[in-house]
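Per-entry structural report
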Amino acid sequence: MDTLIEAAQKTQQKTEKKTRISGSEAVVRCLLEEGVDLMFGYPGGAIMPVYDELYKYEKKLEHVLVRHEEGATHAAQGYARSSGKVGVCIATSGPGATNLVTGIADAMIDSTPMVCITGQVPKHLLGTDAFQETDIISITIPVTKWSYQITEASEIPSVMAKAFYLARSGRPGPVVIDITKNAQFDELDFEYEKCKKVSSYIARPAVDMEQVQAAADLINSAERPYILFGQGVILSEAEAELKALVEKGGIPAAWTIMGLSAMPTNHPLNVGMLGMHGNYGPNLMTNECDVLIAIGMRFDDRVTGNLNKYAKQAKVIHLEIDESEIDKNVPTEVAVVGDAKESLQALLPLIKKKSHVEWLNRFRECDKQEYEKVIQGETTPRSGELRMGEVIRELNEHTDGDAIVVTDVGQHQMIACRYAHFNKTRSNITSGGLGTMGFCLPAAIGAKMGAPERTVVAVIGDGGFQMTIQELGIILQSGVDVKIMILNNSFLGMVRQWQQLFFDKRYASTEMVNPNFLMIAQAYGIANKQVSERAELGASIKEMLDYDGSFLLEVIVGKENNVFPMIESGAGVGDIRLE
């Protein structure tokens, strides 16, 4: 009898908790329930009811007005990557929604948690080619973890809860929620309950201890073990466990560009960058190790080069949360499916304390060769035009490795990833898998808003800068403090490099006639300066960093300098060339 009374009381309490509100207000309340206090977007007709509610809640939920919807996605990405939270962006239907697609695809391949809310025409107009109607669900299904269209107001709380759960859990990624205009206007009895699981979706696979033991046995018996780590270490907050494994096993460790900053740059067992423009030793030694331990990375083609020539001598251990990545590109001897932090915590007690001095020295010998043939001339040239590498070296001198560095795509990206120093995790933010030009400026703004206590430097090429240059308007309106450093070579530099090396210097449509960037910065109320002389570089970077507010520093660098080392298309990691 008591049980029945208690059940009735709970039902009554649950009913009393419900509040009759509009669907648009429900959207805003859902965001607040999920801890969202900042979002990026651009209003329009089909999403206007939600914006009307945002106006009412502006003291609790800040909305950042971007100048193009793509900027909203990249800003949300930067925010998510620096803060570890879910990034949120919002747009109207039709062109507003389709303008989000590039950033959504970028977030999907780089595993960035993001919830994208789009407006849609009323339910009765769906499929009629109404004004600004586009089937954004069908468009985004291939580049999201989940896409769903809400047509009834009553769906909003449960769908929003599921969206945030899917975006942040397991291997993170973007979710699209499309809301018809009638669902925004109609009323519902609002009650919110956070989502904790989704049928048939396993967010954190249970770690198989037999596989962990098998991995430990291989590592303990290895003479030349080698760790490759990616962004999965950062996403699972497994930086301490990675460091412990590296130090206990005495194992050299190299990083993908998405894994950069998970381990301090100056750690003695951090051997450098993998991939097409990575360091010489990390690439070469991939084909000389006997056990290869991949942690939270997916063996992207830019890391592996020609798969037919990749690590054929090695027994491969793969620690990865996404089972679909196992054996997708590189066959594994042992696969440990699960969250990187949990997998490493299980593995650590089984690893024997060792050092591999001779093996590590092989990497250091390669470092010497690379320094003499590449690094010295790139970072400490004695004459000639400024080089991108020396700009990053000077930046290191003034930030001490504590800044967040956001990069676009191209030569400057590879140079920054190669030479920037990092002491803290979540410090390198770039477009990795999709390689989206235009990513940097809005992502840097979002990164600063996600980590306001940190210095954020946008290192960007003259080409990528102009793809989203309008987002300087966010700085004008919000006053956010971002340091923008344009490395201007008046070329689409990476494409030009390939044209030089493989197309007989036929520079087809790659030379840029650029505007006066300083005048543009001035128009947006941003302090600015141009530097082209080596003697003025260090002082100019210091001036930029010391300035109280946003600052644009244009650095004129050599027009036809190239990025080396380099693995040519179709070549293996062992074929890496230094010049």
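Up top is the structure.
Residues numbered from 1 in each chain as written. Predicted model: local features only at pLDDT ≥ 70, side-chain atom pairs only at ≥ 80, totals over all residues. Heavy atoms only, no water.

What about the overall build of the chain?
What counts, and what does not: Put simply, DSSP marks the helices as runs of H or I at least four residues long and the strands as runs of E at least two long, and each gets a number from the N terminus on. The size measure is the radius of gyration over C-alpha atoms, and the globule rule it meets is 2.2 Å times the number of residues to the 0.38 power. Burial classes: relative accessible area under 20% of the type maximum marks a residue as buried, over 50% as exposed, and values in between as partly exposed (1.4 Å probe, protein chains only). Contacts were defined at the residue level, with two residues in contact if any of their heavy atoms lie within 4.5 Å. For accessible areas, the Shrake-Rupley method is used with a probe of radius 1.4 Å. Any residue's cover is judged against the shown protein chains and nothing else. Here Asp and Glu are counted as negative and Lys and Arg as positive; His is not counted, and neither are the chain ends. Note on charges: their place is set at NZ of Lys, CZ of Arg, CG of Asp or CD of Glu.
Scanning the chain for helices and strands turns up 24 helices and 20 strands. The C-alpha atoms of the chain give 25 Å as radius of gyration, which agrees with the globular expectation for 579 residues (25 Å, within 12%). Considered along the principal axes of its C-alpha atoms, the chain spans approximately 75 × 65 × 45 Å. Taking all 579 residues of the chain together, 58% fall into the buried category. For the chain, contacts bridging at least 24 residues in sequence account for 77% of all contacts bridging at least 6. Approximately 23,600 Å² of the chain is accessible, and the part contributed by carbon and sulfur atoms is 49%. Charge-centre separation for the chain: the mean point of 56 positive side chains lies 3 Å from the mean point of 75 negative side chains.

Some points on helix α4 (residues 69–83)
Rules: Here the expected length of a helix is defined as 1.5 Å per residue gap, with one fewer gap than residues.
Taking 1.5 Å of rise per residue, the 15 residues of α4 would be expected to cover 21 Å, and the 21 Å separating its terminal C-alpha atoms lies within 8% of that figure. When you tally the buried positions in α4, you get 14 out of 15 residues, the bulk of the element. Positive phi shows up at G84, right after α4, with a value of about 85 degrees.

A closer look at the sheet that holds strand β12 (residues 291–295)
For clarity, the cut-off: Between any two strands, at least two bridges found by DSSP are needed for them to pair. Axis definition: a line fitted to C-alpha atoms, over the contacting stretch in the case of helices. Angles run 0 to 180 degrees between N-to-C directions.
Taken together, 6 strands build an open sheet; the order of strands is β11-β10-β9-β12-β13-β14 and the sheet is parallel. With partners counted over all chains shown, the strands left at the sheet margins are β11 (270–273) and β14 (334–337), one partner each. Direction aside, the axes of adjacent strands within the sheet are offset by 20 degrees on average. Pairing of β12 with strand β13 (residues 315–320) involves 5 bridges; the strand directions are parallel. Looking at β13, one finds that A294 is bridged to H318. Against the sheet, helix α10 (residues 209–221) engages β12, β13 and β14, with an angle of about 135 degrees to β14. Relative to β13, helix α15 (residues 340–347) is tilted by about 125 degrees, and along the sheet it contacts β12, β13 and β14.

Observations regarding the sheet that holds strand β2 (residues 38–41)
One open sheet accounts for 6 strands, arranged β3-β2-β4-β5-β7-β6; its pairing is parallel. Single-partner strands in this sheet number two, and they are β3 (62–65) and β6 (146–150). Recorded for the sheet is a direction-independent mean angle of 20 degrees between the axes of neighbouring strands. Looking at chain direction, strand β5 (residues 114–120) and strand β7 (residues 174–180) are connected through 7 bridges and run parallel. Each residue of the ladder has a partner; that of C116, found in β7, is V176. Sheet contacts for α4: β2, β4 (87–91) and β5; angle to β4, the most-contacted strand, approximately 170 degrees.

Concerning the packing of aromatic side chains
Each aromatic ring pair is summarised here by two numbers: the centre-to-centre distance and the angle between the ring planes. Applied cut-off: Within 6.5 Å between ring centres, the rings of Phe, Tyr and Trp (the latter by its six-membered ring) count as paired, and their orientation is classed by plane angle as stacked under 30 degrees, edge-to-face over 60, tilted in between. Think of it as a cone above the ring: NZ of Lys or CZ of Arg counts as a charge over the ring if it is within 6 Å of the ring centre and within 35 degrees of the ring normal.
Under the counting rule described, the total for this entry stands at 11 aromatic pairs. A network of ring pairs unites the aromatic residues Y226, W359 and F363 as a single cluster. Sitting over the face of the ring of W146, K162 holds its NZ or CZ atom 4.3 Å from the ring centroid. Note that R496 overlies the ring of F491, its terminal NZ or CZ placed 5.8 Å from the centroid.

Regarding the pairing of β5
Residues in a regular strand project their side chains so that they alternate between the two faces of the sheet. In terms of residue burial, β5 counts as a mostly covered element, since 7 of its 7 residues are buried. Side chains of β5 alternate between two faces, with M114, C116, T118 and Q120 and V115, I117 and G119 buried alike. Across 5 bridges, the pairing between β4 and β5 is parallel. Bridge assignment links I90 to a residue of β5, and that residue is I117.

Brief notes about the layout of surface pockets
Which entries qualify depends on this criterion: A 1.4 Å probe that fits but cannot get out identifies a cavity on a 1 Å grid over protein atoms alone, an open set with protein on both sides within 12 Å along at least five of seven lines counts as a pocket, and a residue lines either if it has an atom within 4 Å of a point. Grid points are joined across faces, edges and corners, and a volume is the space filled by probe spheres set on the points. Amino acid classes used here: Ala, Val, Leu, Ile, Met, Phe, Trp, Tyr, Cys and Pro are nonpolar; Asp, Glu, Lys and Arg are charged; the rest, including Gly, are polar.
Roughly 520 Å³ of internal volume is contained in the second largest pocket. Residue contributions to the lining of the second largest pocket peak at 6 residues, all from helix α16 (residues 357–379). Among the residues making up the lining of the second largest pocket, the classes are represented as 7 nonpolar, 10 polar and 7 charged.

Examining the side chain of E34
How we decide: Between N or O atoms, a polar contact is any pair within 3.5 Å; within protein, one atom must be a potential hydrogen donor and the other a potential acceptor, and residues adjacent in sequence are included only when both atoms are from side chains.
Its location among the elements puts E34 in the loop between α2 (23–33) and β2. Taking relative accessible area as the criterion, E34 reaches 9% and is therefore assigned buried. In this structure the side chain of E34 is engaged in a polar contact, spanning 2.6 Å, whose partner is the side chain of Y192. Setting aside anything within four residues of it in sequence, one finds E34 in contact with A161, F164, R168, Y192 and K194.

Regarding the environment of I392
Here I392 lies in helix α17 (residues 388–399). In this view, I392 contacts I415, A416, Y419, A420 and V459; residues no more than four positions away in its chain are not counted.

Quick word on the side chain of E390
Within the fold, E390 resides in helix α17. In this view, E390 contacts E378, T379, P381, E385, R534 and L537; residues no more than four positions away in its chain are not counted.

A short note on the pattern of salt bridges
Rule in force here: Counted as salt bridges are all cases of a side-chain nitrogen of Lys or Arg within 4 Å of a carboxyl oxygen of Asp or Glu.
Enumeration according to the criterion identifies 28 salt bridges in this entry. The shortest N-O distance in the salt bridge between K56 and E53 comes to 3.2 Å. Placement of both K56 and E53 in helix α3 (residues 48–56) is noted, with a separation of 3 residues, approximately one turn of the helix. When its relative accessible area of 54% is taken as the criterion, K56 is described as exposed.

So, the packing of α17 against helix α24 (residues 534–546)
Any two packed helices are characterised by how steeply their axes cross, that is the angle between the axes, and by the distance between the axes. To keep it simple, the criterion reads: An angle counts as roughly parallel when it lies under 35 degrees, as roughly antiparallel when it exceeds 145, as roughly perpendicular when it falls between 65 and 115, and as oblique in every other case. For any helix crossing, the convention is left-handed if the near helix is rotated counterclockwise from the far helix by under a right angle, and right-handed if that rotation is clockwise.
Interhelical geometry of α17 versus α24 gives an angle of 45 degrees and a closest axis separation of 10 Å. Classified by the interaxial angle, the pair formed by α17 and α24 is oblique. The two elements α17 and α24 cross, and the hand of that crossing is right-handed. Taken together, the residues of α24 that come into contact with α17 (itself represented by E390, V391, E394, L395, H398 and T399) are R534, L537, G538, I541, K542, M544 and L545. Residues that form the contact of α17 with α24 fall into these classes: 6 nonpolar, 3 polar and 4 charged.

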